[in-house]
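Chain by chain, the residues:
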Amino acid sequence: MDKTGLSMIIIGLILCAAGGYAIWIFQPEVIAAVKGLIGIAVVLFGLMLVFFGALIFSD
């Protein structure tokens, strides 16, 4: 293993720990953001179904 790979692993572990700590500290905001992202995903999936349904229906 070279030094670049080892340094990337160490930095990655530090960033994962910092991200986990931030999620723990800002837990209510994280839950609200996840709920919002789920809503956005559902809307996009619905729009995709409407678009492809219209394409199939027009044939």
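Per-chain numbering applies: the sequence of each chain, read as written, is numbered from 1 onward. Only residues with pLDDT of 70 or above have their local features reported here, since the model is predicted, and side-chain atom pairs are shown and tallied only from 80 upward, although totals for entire chains, interfaces and linings are computed over all residues. Working from all heavy atoms in the structure, the side-chain values ignore hydrogens and water.

Enquirer: Residue-level account of the overall build of the protein chain, with values.
Expert: Put simply, DSSP marks the helices as runs of H or I at least four residues long and the strands as runs of E at least two long, and each gets a number from the N terminus on. Tallying secondary structure elements over the protein chain gives two helices and zero strands in all. At 20 Å, the protein chain has a C-alpha radius of gyration far larger than the 10 Å of a compact globule built from 59 residues. By its C-alpha atoms, the protein chain is 60 × 35 × 10 Å across when sized along the principal axes. Total accessible area computed for the protein chain in this model is approximately 5400 Å², and 83% of it derives from carbon and sulfur atoms. Every radius of gyration here is taken over C-alpha atoms, with the globule rule written as 2.2 Å times N^0.38, N being the number of residues. Here the accessible surface of atoms and residues is derived via Shrake-Rupley with a 1.4 Å probe, and residues count as covered only by protein chains that are part of the display.

Enquirer: I'd like a rundown of the packing of aromatic side chains, residues and numbers included.
Expert: Aromatic contacts are taken between Phe, Tyr and Trp rings whose centres are within 6.5 Å, Trp giving its six-membered ring; a plane angle under 30 degrees counts as stacked, one over 60 as edge-to-face, and the others as tilted. This model, assessed by the stated rule, comprises one aromatic pair. Here the aromatic rings of Phe51 and Phe52 are separated by 5.5 Å at their centres, their planes lie at 65°, and the arrangement is edge-to-face.

Just distances and angles here, no functional claims.
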